[in-house]
Amino acid sequence: MSDKFLRAVNEITRAEYGKVVSLNNTLIEAELDSFSWLVFWLELDKVYPNVFTDEFINEIDYKKTKFKDLAQMAKDDKNIKE
């Protein structure tokens, strides 16, 4: 799951001219601008539908949250098949 998640994340960040990240990177380390973050969440929702709610996205701390936290959320979602 983590490999699939990381591939999806890096595909999106590269397309949005951000940096390639590892699971241990914080979200801010992707170096995306605000519009690119919007695209990021929309694209990630296509791969992992309904995992990341609007409420979660609006309250997230990009300096503290790591990509492994997002991967864990996706893994914990009952609708996602590994």
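For the structure itself, consult the block above.
Rules used throughout
- Residues numbered from 1 in each chain as written.
- Predicted model: local features only at pLDDT ≥ 70, side-chain atom pairs only at ≥ 80, totals over all residues.
- Heavy atoms only, no water.
- Axes fitted to C-alpha atoms, helices over the stretch in contact; angles between N-to-C directions.
- Helix = DSSP H or I, 4+ residues; strand = E, 2+ residues; numbered from the N terminus.
- Left-handed = near helix turned anticlockwise from the far one by under 90°.
- Contact = heavy atoms within 4.5 Å.
- Nonpolar A, V, L, I, M, F, W, Y, C, P; charged D, E, K, R; others polar.
- Phe/Tyr/Trp six-rings, centres within 6.5 Å; stacked < 30°, edge-to-face > 60°.
- Buried < 20%, exposed > 50% of the residue type's maximum accessible area, 1.4 Å probe, protein only.

Caption draft 1: Looking closely at the packing of helix α1 (residues 2-15) against helix α2 (residues 34-47). The N-to-C vectors of α1 and α2 enclose an angle of 145 degrees; their axes lie 10 Å apart at closest approach. As for the relative orientation of α1 and α2, their crossing is right-handed in sense. The residues of α2 that touch α1, namely those facing F5, A8, V9, I12 and T13, are F40, E43, L44 and V47. Residue composition of the contact of α1 with α2, by class: 7 nonpolar, 1 polar and 1 charged.

Caption draft 2: Highlighting the packing of aromatic side chains. Within this structure, the stated rule accounts for 9 aromatic pairs. Their ring planes at 35 degrees and their centres at 6.1 Å tell us that F52 and F56 sit as a pair that is tilted. The buried category is assigned to F52, whose relative accessible area is 8%. A relative accessible area of 23% places F56 in the partly exposed class. Within the aromatic cluster, the residues linked to one another by ring pairs are W37, F40, W41, F52, F56, Y62 and F67.

Any link to function would need more than the numbers given here.
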